[in-house]
Amino acid sequence: MSKLKDYIQLHLNILLFSLTSVFSKAASVQYNKHGLSSPLLYLFLFLMVANCGIYAITWQQVIKKFSLSTAYANKSVYLIWSQLWAVLIFKESLSINNIIGMLVVFLGVMVVSGDE
């Protein structure tokens, strides 16, 4: 049960990191629409930097519980979260190549994590 809790913490941390790309894209959208005069641009930039700071601190705590190869293999799940945010938040579409890529990432994570 303890290992399950560790994996949940690891993946919540990866989910947190994936939000950095959401804030980055949102800032880009604001900049493209309104230029440097948009208050939301600065809000999203702040959220992006703050999120990176929080992630960096929590990542150091989480990876103590795993071998580096396992932790970094699981970090590739970031790509799956990013695709999910792209579809849900920014209304982008998934191609068959995106789906195949996500399956390859998922299977790779399962293979590497299967030893623990």
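Refer to the structure above for everything that follows.
Residues numbered from 1 in each chain as written. Predicted model: local features only at pLDDT ≥ 70, side-chain atom pairs only at ≥ 80, totals over all residues. Heavy atoms only, no water.

A. Geometry of the overall build of the protein. Of the regular secondary structure elements, the protein holds five helices and zero strands. Each helix and strand of the protein, ordered N terminal to C terminal, gives the series α-α-α-α-α. With the C-alpha coordinates of the protein rotated into their principal frame, the extents come out at 50 × 35 × 20 Å. The buried share of the protein, reckoned over its 116 residues, is 29%. A sequence separation of at least 24 residues applies to 76% of the contacts in the protein between residues at least 6 apart. (Helix = DSSP H or I, 4+ residues; strand = E, 2+ residues; numbered from the N terminus. Buried < 20%, exposed > 50% of the residue type's maximum accessible area, 1.4 Å probe, protein only. Contact = heavy atoms within 4.5 Å.)

B. Layout of helix H4 (residues 78–88). All of the buried residues in H4 are Ser82, Trp85 and Ala86. Angular distribution of buried residues about the axis of H4 spans 100 degrees; they occupy a single face of the element. On the buried face of H4, the contacting elements are helix H1 (2–34). (Arc of directions from axis to C-beta.)

C. Molecular detail of the nonpolar core. By size, the foremost hydrophobic cluster in this structure holds nine residues: Tyr7, Leu10, Ile14, Tyr55, Trp59, Val62, Ile63, Phe66 and Ala71. Of all the secondary-structure elements, those providing two or more residues to this core are H1 and helix H2 (39–62). The next biggest cluster of nonpolar side chains, apart from the first, holds five residues, and it includes Phe23, Ala26, Ala27 and Leu41. (Core = buried A, V, L, I, M, F, W, Y, C linked by side-chain atoms within 4.5 Å.)

D. Spatial organisation of the packing of helix H3 (residues 68–75) against helix H5 (residues 96–113). In the contact formed by H3 and H5, the axes pass within 9 Å of each other and the chain directions differ by 165 degrees. On the basis of the axis angle, H3 is roughly antiparallel to H5. In this structure, H3 crosses over H5, and the sense of that crossing is left-handed. When H3 is examined against H5, the residues Ser69, Thr70, Ala73 and Asn74 are found in contact with a partner set consisting of Val109, Val112 and Ser113. Counted by class, the contact of H3 with H5 contains three nonpolar, four polar and no charged residues. (Axes fitted to C-alpha atoms, helices over the stretch in contact; angles between N-to-C directions. Parallel < 35°, antiparallel > 145°, perpendicular 65-115°, else oblique. Left-handed = near helix turned anticlockwise from the far one by under 90°. Nonpolar A, V, L, I, M, F, W, Y, C, P; charged D, E, K, R; others polar.)

E. Just the pattern of salt bridges, in detail. Under the criterion given, the structure shown has two salt bridges. Two residues, Asp6 and Lys65, come together in a salt bridge whose shortest N-O distance is 3.7 Å. In this pair, Asp6 sits in helix H1 while Lys65 sits in the loop between H2 and H3, placing the two residues 59 residues apart along the sequence. Using a relative accessible area of 35% as the deciding quantity, one classes Lys65 as partly exposed. Put simply, Glu92 and Lys25 hold a salt bridge, and the shortest N to O gap is 2.6 Å. On the criterion of sequence distance, the pair formed by Glu92 in the loop between H4 and H5 and Lys25 in helix H1 is long-range, its members being 67 residues apart. (Salt bridge = Lys/Arg side-chain N within 4 Å of Asp/Glu carboxyl O.)

F. Representation of the environment of Thr20 within the structure. Mapped onto the secondary structure, Thr20 falls in helix H1. Given a relative accessible area of 10%, Thr20 falls into the buried group. Between the C-alpha atoms of Thr20 and Phe44, which are 24 residues apart in sequence, the distance is 9.4 Å. The residues touching Thr20, leaving out its near neighbours within four places in the chain, are Met48, Asn51 and Cys52.

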